[in-house]
Every structure is written in structure tokens, then in C-alpha cells.
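Now for the letters of each chain:
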Amino acid sequence: MTRPRYRNLPIYAKILVPFAVLIIAWGGFGTAILVHGATSEARSRATAQLASAFDGARATLANEEQNLLQVVQLGSNTQGVAAALARGDGTLLRQLLEPIALNSERSDFRVTVRVIDRAGTVLFGLDTSVVPPKILHEPALTLAPILLAARGKTDALGDKFAALSPTDLFVAGPVRDAKGHGLGAVVVSENLAAIAARMGQAPDVRVVIFSLEGTQLTANGGPLPFRNATTNGVQVRVRVLGRTMETLYGPLDVRGERAAILGVGLTSQAVLGGIQGKSVLLTLLVGIAVLVALGIGLLTARAITKPVGALVGATRALAQGELHVRAPEGAKDEIGALAVSFNAMANELETQHRTLEKQVEERTAALRTANAQLVRASSAKTAFIAMMSHELRTPLNGIIGFADMLSDPMFGDHTPEETRDLASNIIASGRHLLGLINDLLDMAKIEAGKIEIRPVPTEVGGLVLEVENVLGALARAKNIEMTTDVDSDVPLAMADPARLRQVLFNLVSNAIKFTQEGGRITVDVVNLEQSVTISVSDTGPGLLPEEAERIFQPYERGSAGADDEGAGLGLSLARSLIEMQGGRIWVKSTPGKGSTFTVLIPSATIERLEVAG
């Protein structure tokens, strides 16, 4: 693909683009240099503030560790503690150590003192962080460094051990007997939340202590996301609870060993707010200047290109067949003269096109009407002949065949029973043929609008029982259980009894036809808010989802009845007859589990009786 040359660009672009590129590039480059310098300076200040806050936080923890160590040394060296520990005398331990714990208190330093034996069992515990101090009832301490102190172990740093738990900073010192054997340890701890609060005393400083696995142990305020820091000075910008923060992460050591990760954060607004405001103001001023310059260039280009663009647009519309389009003729210059000539040409084309179009439309409309009539007539004729040639031939062939068997001597003499059977077959075929003809006549009357519906107050329960009495024999012949349930509070329905009976005969006959031997048919009549519903349920093959609406169309059948006799008019007639009585009919079906056809007829309220009268 070749690049478009500059000379092929629109006039608008030739005027505006070079001007815009120069203004935007110059303004953007200058703004970027100024903002970058100011931002770099602000970030340097932010790094210094974070480093100072971080070092102060670690110094606070080291100072608290030293304070706890002093309390441990005082407690473990107190006379009588070793003897009381050897005897497991908690009362004496309390008398000896409670004054030490209470004397160590200050407004921001409250400790918990415990004495444990070599197994870590707590013999005495006192919490001075609450007022009044509370005696602790703990079973044991299981921190490994604390147990080392209780067993009198030593290492390169001595025999005083320290450790962090999820809630406290612990320092432990051994208690030895006269021979130097370890009897247990004095353990002093302070709550991490109180330590974190002292770490973050500087304004806007957020301090969070994490476990090495990344779990937040405590914080002096809101949370910070975890960042693993194997070395000092992992500085990142994070988003916390909708606020941007500058953070610094590093390891936190207890007794010379890494015990936690310390995170220190400052809101970006606090350290970068000033420079951000200046940067925004500078960018805004430069942006306004660029927009003003672009506006001047835009007006200049628009004054030249607008009339040309309007003429080009009118030309393209005319080429696409929009003959009503005209070019504006406001200007009196060369472009205006061109627009006048263009409009004269367009007027002439539109006049000729309208004359020709009118003639074509008249002839096309006549041909379309004639063709539609022919198509409808041909389709109706084809569909009717194809359907009726099959449906009428079947019972007629049966009548003729059985009649031949009665009259033709070649079939021999018939016994009375055989004669009655053949006559019954002839009657059944004749009735089937009569039913087809009646359905066709009813459908023709409905389409012609000449069928009469005479709604009167009708007892639906009696109609249902009448249908059951007539069709019950057919159900019993197929070993089908047929039950009828009519609610006691069912009101009279406003319906045409003959047409409603015709619909019920159709629904129940279909249910018997499609229900296998040993199946079940249920007819329920229910009172439903000024209406009466009649539901015919069967255990037949059911319908596919796409068939639930299609079977109510003329000449349509479900897949289960595709091979059965019938014109496919029964359900279509049923819907038309019910809707003409102000009701509705629908079906719910599950393939393989049966179908339920429901008819809803308005009840015979006083208002409806007055309308019918």
C-alpha cells in the first residue's frame, strides 16, 4: 500500500495539521521537561522522608527490645526467683516479680511478665497493659527461642533470646540454680500494636509489620499491601483504599535475626501534593494556550474548507441518487457561482427522474398485485389439493373396500358377526370423512367471519362429565386411567356450550389417541380469578419445544402424530373457537413425559351477563 502524498490530503488538513503539530509538540515538550524536573525533586524528598521514617521505626523496635531485656535481667536476677521456680511456687513468684513488672511501667511501655519452666509451662503470668493488672492463666509458651532460654541454652549472642509472635514481641532470660543449671525462664513481652503506634508517631506515617509469609501482624493505622524485601529499601508506589501511597519495605530483625517485614508508607498527596498541583496548573496553562492556537487555526481553515466541503458532499449525494440535495449558495465568490450551476443541473435531473420513476412505479405496482394474487391462489390450491387428496381418499377407500367385501360374491358369504364388523368399519370411515368435512366447513366459516358464537352461563363441570361419559369407553379400551376433578367453587362460565363441548372432545380425543396403553389422563377444572380453567393432562410422548406454538396452526401436527390420520385442523379450530369466546388455550409439554392443554374461559360475572344480554 502506497502512502498518501501531502498534495492529496484535504485542504483542511493541509492548513491545520502542520500548525497543530508545531504548537502541540512545542508546548508538550516544554511542559514535560518542567514537570519531570519538579517531580524528580519531589520524589527525592519523598525517598528521604520514607528512609527517615523507616530507620526511626526499626530504632523504635530495637529500643523496645532493649527495654524488655532490662526487665528480663532484673527479674531473672531477683533473689528467690530460682528457688520459687524450682518448687513451682506461683504465689512466691508473684510476690517477687509483680513489683518489677509494675515498676517497669510508663505511659507508653506496658509489659506482660511470665515465668515458665523448662517445658514452657507457665507458672506465673501478669499482664500490666490493662488496669488493674491481670493475672494470666496460660498453659504454656511454645515459641522455640523462648524454650531455648528456659532450658539454659546459649549461642554466640548469649543466653537471652527474643522472638516475634503474631501479637507480641518476646524477650526471655534463663533462671539458673546455684550450679548454673537452667530451671526455666523469665519472659517479658509487649504488644506489637503498641510498638507500631510508637513507630508511626510522625505525622502521616503509616507503619505495618508483616510476618515473613506476608500476613499483616499489626499496624498503626490503615493497611499496606505486602512486598517481600530481602534487602533494605524496596520502594514502590501502591494504591490502598482509594489513596496513592509512597512505601518503603525492608527486613525487621529481632536479636540479630530476620523476624518480620516492615512496611512504611506516606500518602503521595503529603509528599507530592505541592508539585502535583504546580504540574497540573502548568499543564493546564499550556493546554489552554494550545487550544487557543488550535482554535484560531480551526476557524481559519473552516472559513476556507466549509463551502468546498458542502459542495463536495452535495455532489456525492447526487451521485448516490439523492436528487433532492442542493449545495448552499450563500457566498458570492467563485465557489458560490459553482454552487448555483450545480443546483440548476440537480433540478433538471430531479424533474426527469420523478417523471420516469412515477411511470415505473405504476407499472410495477400493477404487476406486483397481479403476481401476488396468482401466487396466493396457486399456493392455496396446491396446499388444499395435496392435503385433501390424501385425507379424503383414506376414508373413502375404506368405505369402498368394506362395501366391496359385503357385495362382491368372491368374498363368500358373511356371518352376521362379519357383516356387523364390516358395517362398523364403513360407519367409522364415514364418520371420519364427515369429521374432516365438518372441520373444513368450520375453518371456512371462521376465515369468512360467519361462524356464530352464543355465550351463555354454562356449567363447565357438567360438560366435562359429559365428555368423560362419551369418551371413557375409548380410554378403557386402551387400558388408560381417566380421572376428572372439578373444584367445588367453580362458577358458571360465559361460553357457547356446543363450541366448548367441541373443543373438549377434541382435546380429550387427542389425549386418548397419543397416550400409550396403561397411561393416565386427568381433566381438572379450577376457579381462577373471574375465570375457569380446564386442563387436560396425559402421559403421552409430549411435544418438542418448537412444536408448542406450531401445532395450533392449520394443517400442522406434532412429530408424535405425523403419521396419524387427520387434516391437522383440530387444535387450530380449538384456538379460534376459544378466542372467539374471550378465552385462551395453551400447552405445556415435556418430551417423553406428556402434555397439558389448558383452556381459560371467563366466568359469568354480572357485567358479562349484562353484555351478553
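As shown above, the structure is provided for reference.
Owing to the predicted nature of the structure, the values given are computational and were not obtained by experimental measurement.

Visitor: Explain the pattern of salt bridges to me, please; I cannot follow it from the model alone.
Guide: Tallied over the full model, the rule gives 11 salt bridges. Between R94 and E98 there is a salt bridge; the shortest N-O distance is 3.1 Å. Of this pair, R94 and E98 both sit in helix α3 (residues 90-103), separated by 4 residues, roughly a single helical turn. Here E246 makes a salt bridge to R237, at a shortest N to O gap of 2.7 Å. Judged by its relative accessible area of 3%, E246 falls in the buried class. Looking at R237, the relative accessible area reads 40%, which means it is partly exposed. Through salt bridges with shared partners, a single network forms among E64, E190 and R198.

Visitor: Which parts of the structure should I look at to understand the packing of helix α10 (residues 497-514) against helix α12 (residues 570-580)?
Guide: Two quantities define a packed helix pair, namely the angle between the axes and the distance from one axis to the other. Here α10 crosses α12 at 145°, and the two axes come no closer than 10 Å. Regarding α10 and α12, the two cross each other, and that crossing is left-handed. Residues R499, L500, Q502, V503, N506, L507 and N510 of α10 form the contact with α12, whose participating residues are G570, L571, A574, L577 and I578. Residue composition of the contact of α10 with α12, grouped by class: 7 nonpolar, 4 polar and 1 charged.

Visitor: How should the nonpolar core be read in this particular structure?
Guide: Nonpolar side chains tend to gather and get buried jointly when the protein is soluble and globular. Counting 42 residues, the largest nonpolar core has L169, V188, M199 and L262 as its most contacted members. At 9 residues, helix α1 (residues 11-76) tops the list of elements feeding residues into this core. In this structure M199 touches A57, T60, L61, V207, I209 and L262, once residues within four positions along its chain are discounted. Core analysis: the second largest hydrophobic core is formed by 38 residues, V464, M482, V525 and L571 among them.

Visitor: I tried to follow unusual backbone geometry on my own but got confused; where do I start?
Guide: What you tend to see is this: most non-glycine residues have negative phi, and most peptide bonds are trans. A cis amide bond, omega -5°, links V131 with the succeeding residue P132. Positioned with a positive phi, R255 is a non-glycine residue whose angle comes to about 55°. Exposure remark for R255: the relative accessible area of 13% places this residue in the buried category.

Visitor: Explain the sheet that holds strand β13 (residues 481-486) here, please?
Guide: The strands that make up a sheet are held in pairs by hydrogen bonds between backbone atoms, and each pair lies either parallel or antiparallel. Read from one edge to the other, the open sheet built from 5 strands follows the order β13-β15-β16-β18-β17, with strand pairing classed as mixed. At either margin of the open sheet sits one strand with a lone partner, and together these are β13 and β17 (584-590). Ignoring which end each strand starts from, the neighbouring axes of this sheet average 10° apart. Note: strand β16 (residues 531-538) against strand β18 (residues 594-602), 7 bridges, orientation antiparallel. Its bridge partner lying in β18, I534 is registered against V599. Strand contacts of α10: β13, β15 (520-527), β16, β17 and β18, with the helix running at about 20° to β16, the strand carrying the most contacts.

Visitor: Before we go on, may I ask you to explain the sheet that holds strand β2 (residues 122-127) in this structure?
Guide: Here we have 6 strands laid out as an open sheet, ordered β3-β2-β1-β6-β5-β4, and antiparallel in their pairing. Among the strands making up the open sheet, the edge pair consists of β3 (134-135) and β4 (161-164). Examined bridge by bridge, β2 and β3 share 2 bridges and lie antiparallel to one another. Residue L126 lies in a different strand from β3, and its bridge partner there is I135. Set on the sheet, α3 makes contact with β1 (112-117), β2 and β3; between it and β2 the angle comes to about 30°. Helix-sheet contacts for helix α5 (residues 192-199) involve β4, β5 (168-176) and β6 (182-191), and the interaxial angle to β6 is about 50°.

Visitor: Help me understand the packing of aromatic side chains, please; the structure alone is not making it clear to me.
Guide: To describe a pair of aromatic rings, you give the distance between the ring centres and the angle between the ring planes. With the rule as written, the count across this model stands at 3 aromatic pairs. Summarising the aromatic geometry, the rings of F210 and Y249 are spaced 6.4 Å apart at their centres and angled 40° between planes, so their arrangement reads as tilted. Here F210 is found in strand β7 (residues 205-210), whereas its partner Y249 is found in strand β10 (residues 243-254), with 39 residues between them in sequence. Pairing F552 with F597 gives two aromatic rings, centres 6.3 Å apart and planes at 70°, and the pair type is edge-to-face. Taken together, the residues span a long stretch of sequence, with F552 in the loop between α11 (547-550) and α12 and F597 in strand β18 at a distance of 45 residues. Accessibility classification places F552 together with F597 in one group, the buried group. Through successive ring pairs, a cluster of aromatic residues spans F210, F226 and Y249. The lysine or arginine in question, R255, covers the ring of F161, its NZ or CZ lying 4.1 Å from the ring centre. We note R575 situated over the ring of F552; from NZ or CZ to the ring centre the distance is 4.4 Å.

Criteria and thresholds
- Residues numbered from 1 in each chain as written.
- Predicted model: local features only at pLDDT ≥ 70, side-chain atom pairs only at ≥ 80, totals over all residues.
- Heavy atoms only, no water.
- Salt bridge = Lys/Arg side-chain N within 4 Å of Asp/Glu carboxyl O.
- Helix = DSSP H or I, 4+ residues; strand = E, 2+ residues; numbered from the N terminus.
- Buried < 20%, exposed > 50% of the residue type's maximum accessible area, 1.4 Å probe, protein only.
- Axes fitted to C-alpha atoms, helices over the stretch in contact; angles between N-to-C directions.
- Left-handed = near helix turned anticlockwise from the far one by under 90°.
- Contact = heavy atoms within 4.5 Å.
- Nonpolar A, V, L, I, M, F, W, Y, C, P; charged D, E, K, R; others polar.
- Core = buried A, V, L, I, M, F, W, Y, C linked by side-chain atoms within 4.5 Å.
- Pairing = 2+ DSSP bridges.
- Phe/Tyr/Trp six-rings, centres within 6.5 Å; stacked < 30°, edge-to-face > 60°.
- Lys NZ or Arg CZ within 6 Å of the ring centre and 35° of its normal.

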